[in-house]
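Residue-level structure breakdown
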Amino acid sequence: MEQIIGYIFDMLPFLLVMLPIYVLVRGIYLFRNKKGQSIQLLREFGLLLFVLYLTGVASQTIVPEFVIINDQLQAVDLGFNPDRINLEPFNKIIETQILVENGNISYLFIEVFGNICMFIPIGFFLPLLWKRFKNPFLTVIVCLLISFGIETIQLILPRGTDVDDIILNTSGGLIGYILYSVQKSRLKNITSQV
């Protein structure tokens, strides 16, 4: 749980920077394009939450870590390292099972459940906010592509690139879509006309 709280605190500076930027850009867009039209406040709030969520995910998965060395801002350990790549499906899941059997349950929460849970909001928000994503296949494909993009960018970051992350993230997107489907009658007011 400490590690999850640490991730949330690491996200906060990015969220605090993104919040006014998004509100300003979205406000200008609405002012220019929605004159005389009603604005769905629940949908706007959902869009804000979604953008902040994606910002938080990006801050923890694709934004490099920076440090100040000799009064210069430098990215930490950028570069391709083939030792950080796993292309063997279910390898992480098998490793996790072995670690859990040996008493290290925290690895299960971070590496397996964390990767699944990270994409549940994406699978939920996409069909909630845009009609075209009411198609479960399209939503799952977009989750797969987002995960693939993250893992590809991580090839040059000091993080591992793992096919299991793509499998787990995409599964999380599917779970998010299922949760949306179960709750969609209650969420009609938020769904966009787009």
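The coordinates are above.
Report on the accompanying structure. (Residues numbered from 1 in each chain as written. Predicted model: local features only at pLDDT ≥ 70, side-chain atom pairs only at ≥ 80, totals over all residues. Heavy atoms only, no water.)

Considering the pairing of strand β1 (residues 66–69)
Looking at chain direction, β1 and strand β2 (residues 72–75) are connected through 4 bridges and run antiparallel. The residue of β2 that forms the bridge with Ile-69 is Gln-72. Once β1 ends, the chain turns through 2 residues before running back antiparallel as β2, passing Asn-70 with a positive phi of about 50°. (Pairing = 2+ DSSP bridges. Helix = DSSP H or I, 4+ residues; strand = E, 2+ residues; numbered from the N terminus.)

Considering the packing of aromatic side chains
On inspection of all chains with the given rule, the structure shows 7 aromatic pairs. With a centroid separation of 6.0 Å and an interplanar angle of 85°, the aromatic rings of Phe-124 and Phe-125 are classed as edge-to-face. Judged on exposure class, the residue Phe-124 and its partner Phe-125 are both buried. When the ring of Phe-124 is compared with that of Tyr-180, the centres are 6.3 Å apart and the planes differ by 75°; the resulting orientation is edge-to-face. A residue pair is termed long-range when its members are at least 10 positions apart, and Phe-124 in helix α4 (residues 106–129) and Tyr-180 in helix α6 (residues 163–183) qualify at 56 residues. (Phe/Tyr/Trp six-rings, centres within 6.5 Å; stacked < 30°, edge-to-face > 60°. Buried < 20%, exposed > 50% of the residue type's maximum accessible area, 1.4 Å probe, protein only.)

A few points about the environment of Leu-155
Position of Leu-155 relative to the elements: it lies in the loop between α5 (136–153) and β4 (161–162). Look at Leu-155 and you get partly exposed, because its relative accessible area is 26%. Considering only alpha carbons, one finds Leu-155 and Arg-84, 71 residues apart in sequence, at a separation of 7.9 Å.

Quick word on the packing of α5 against α6
The N-to-C vectors of α5 and α6 enclose an angle of 150°; their axes lie 9 Å apart at closest approach. Relative to α6, α5 is oriented so that their crossing is right-handed. Contact residues: α5 offers Pro-136, Thr-139, Val-140, Cys-143, Leu-144, Ser-147, Phe-148 and Glu-151, while α6 offers Asp-165, Ile-166, Asn-169, Thr-170, Gly-173, Leu-174 and Tyr-177. Its residues placed into classes, the contact of α5 with α6 shows 8 nonpolar, 5 polar and 2 charged. (Axes fitted to C-alpha atoms, helices over the stretch in contact; angles between N-to-C directions. Left-handed = near helix turned anticlockwise from the far one by under 90°. Contact = heavy atoms within 4.5 Å. Nonpolar A, V, L, I, M, F, W, Y, C, P; charged D, E, K, R; others polar.)

Considering a nonpolar patch on the surface
Taken together, the side chains of Ile-5, Phe-9, Leu-12 and Leu-16 make up a nonpolar region of the molecular surface, amounting to roughly 410 Å² of accessible area. Of note, Leu-12 is situated in helix α1 (residues 2–33). (Patch = residues over 30% accessible without salt bridge, like charges linked within 9 Å, V, L, I, M, F, W, Y side chains within 5 Å. Areas by Shrake-Rupley, 256 points an atom, 1.4 Å probe, with all protein chains shown as cover. Salt bridge = Lys/Arg side-chain N within 4 Å of Asp/Glu carboxyl O.)

Side note on the nonpolar core
Ranked by size, the top nonpolar core spans 21 residues in total, and within it Phe-50, Phe-119, Ile-122, Leu-126, Leu-129 and Trp-130 carry the most contacts. Listing elements by their share of this core, those giving two or more residues are α2 (41–61), α4, α5 and α6. With 8 residues, α4 is the single largest residue contributor to this core. Other than its neighbours up to four places away in sequence, Phe-119 contacts Tyr-53, Cys-143, Ile-146, Ser-147, Ile-150, Asn-169, Gly-172 and Gly-173. (Core = buried A, V, L, I, M, F, W, Y, C linked by side-chain atoms within 4.5 Å.)

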